[in-house]
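Listed below are the residues making up each chain.
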Amino acid sequence: MPSATVRIDVDYMLDFLKRLIEIPSPTGYTDQAVHFCGRELERLGVPFELTRRGAIRATLRGAGPGPARAMVSHLDTLGAMVKQLKDNGRLALIPIGTWSARFAEGARCTIFTDRGSYRGTILPLKASGHTFNEEVDTQPVDWTNVEMRVDAFSYRCEDLRRLGFNVGDFVAVDPNPEISPRGYINSRYLDDKAGVAVMFAAMKALADAGQKPTVDTYMLFTIAEEVGVGASSVLHGDIAEMVTIDNGTVAPGQGSRESGVTISMADSAGPFDFHLTRRLIELCETNDIRYERDVFRFYRSDSASALEAGNDLRTALICFGIDSSHGYERTHVNALRSLAELSCHYLQSDVLFGRDVRPLGPLAGFPRQEVETADPAADGGDAGAGFPT
């Protein structure tokens, strides 16, 4: 296949990831990350457009006609927002996105006010063992039991008002990225800035090799996935297939791994497209890319929001395995490289069904799913044993 000549620039991918992770982008405060990605698309020579709120749709022109494709990842991350200016000169917070206050306790962060930014720390209400003794270990974990201590002379609510703090100010928690010599990547917000880095690495690899996707492909970068909006606002009717890149949860009872590719068969919104998912599995097997299958019970992605918004397209989800998702996360460079390789193979593979170029069509050419009984002889059994005649 043409993609055999494509090579992933891992150094570029990791450098891009480190720079993007350091840019604060909690949902609702993503403009700086959008500008960063836009400048890099311009450098790569990839044309793009923005929605009114800043979701990015970049265009890779295809080598031939056919139904258009899309790949998508999201720029927005978890974060927090000021709920209340407290009488003790500290700030009560609510989370942006779904994450536990357990991972906020002790975190350094930046708060963005109308007058400029301040630094601070998120602390439990009972933070000092010298004062509260064993109560520091028994206080419940909840967002109502943490507060932000700002690095300013603020000991009363009036002090906070004088300094310019307000309800609704955005709070971005420090990511603290670290890449070890063994290839492990530890950081907050690998979900989903690692997915964004994978897509940029795939675009660069195709450009460096002078290759084009098989058909027109739209590389989408959304800005509100963590609050459930996702790709719903950046699609259009020409797209017949969409592959989402996001994290897969490494935990007991899950199949996701921190190396290779994790292919999600279903998430909380239901099964992914049967044929598109099997195509991605086939590409892994054909091109010797290690992969695992997984199902996620408490997880949704850009694909779910796209379908719920009424878009009629085939969707799939490919993942880099993450340990401690929505906490202090860890993955491995092998997973990101494998995903970038799979992305290149997918972009250069044949389209699934040419009939999908039209939103409506006849029964002729519509695919079938296998209904034949598996051959019992394949596992060494008697083909007729145990079955009624």
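It should be noted that the structure appears before, not after, this text.
Residues numbered from 1 in each chain as written. Predicted model: local features only at pLDDT ≥ 70, side-chain atom pairs only at ≥ 80, totals over all residues. Heavy atoms only, no water.

Draft legend 1. Highlighting the packing of aromatic side chains. Applying the stated criterion to the full structure yields 9 aromatic pairs. Relative to Phe170, the ring of Tyr29 lies with its centre 5.4 Å away and its plane at 40°, an arrangement referred to as tilted. Separated by 141 residues along the polypeptide, Tyr29 in the loop between helix H1 (10–21) and helix H2 (31–44) and Phe170 in strand S9 (residues 170–173) bring together distant segments of the chain. Under the relative-accessibility criterion, Tyr29 is labelled partly exposed at 32%. Here Phe170 falls in the buried class, since its relative accessible area comes to 17%. Taken together, the ring pairs connect Tyr12, Phe16, Phe36, Phe200 and Phe221 into an aromatic cluster. For the cation-ring pair, Arg69 lies above Tyr346, with the distance from its terminal atom to the ring centre recorded as 4.4 Å. (Phe/Tyr/Trp six-rings, centres within 6.5 Å; stacked < 30°, edge-to-face > 60°. Helix = DSSP H or I, 4+ residues; strand = E, 2+ residues; numbered from the N terminus. Buried < 20%, exposed > 50% of the residue type's maximum accessible area, 1.4 Å probe, protein only. Lys NZ or Arg CZ within 6 Å of the ring centre and 35° of its normal.)

Draft legend 2. How the structure looks around the pattern of salt bridges. One pass over the structure, following the stated rule, counts 20 salt bridges. The salt bridge involving Asp216 is made with Arg61; its shortest N-O contact spans 3.0 Å. Of the two residues, Asp216 sits in the loop between helix H6 (190–209) and strand S12 (217–222) while Arg61 sits in the loop between strand S2 (56–60) and strand S3 (68–74), which places them 155 residues apart along the sequence. Glu147 is the partner of Arg90 in a salt bridge, and the nearest nitrogen-oxygen pair spans 3.3 Å. Of this pair, Arg90 sits in the loop between strand S4 (79–85) and strand S5 (91–96) while Glu147 sits in strand S8 (residues 146–150), placing them 57 residues apart in sequence. Judged by its relative accessible area of 24%, Arg90 is partly exposed. (Salt bridge = Lys/Arg side-chain N within 4 Å of Asp/Glu carboxyl O.)

Draft legend 3. Seen up close, unusual backbone geometry. In this structure, Asp192 follows Asp191 across a cis peptide bond, with omega equal to 5°. The phi dihedral of Asn176 falls on the positive side, at around 55°, and the residue is not glycine. With respect to the helices and strands, Asn176 occurs in the loop between S9 and strand S10 (178–179).

Draft legend 4. Here's a closer look at helix H9 (residues 333–347). Between its terminal C-alpha atoms H9 stretches 21 Å, which fits the 21 Å expected from 15 residues at 1.5 Å a residue. Buried residues dominate H9, accounting for 12 of its 15 residues. Restricting attention to buried positions, one finds in H9 the residues Val333, Ala335, Leu336, Ser338, Leu339, Ala340, Leu342, Ser343, Cys344, His345, Tyr346 and Leu347. (Expected span 1.5 Å × (residues − 1).)

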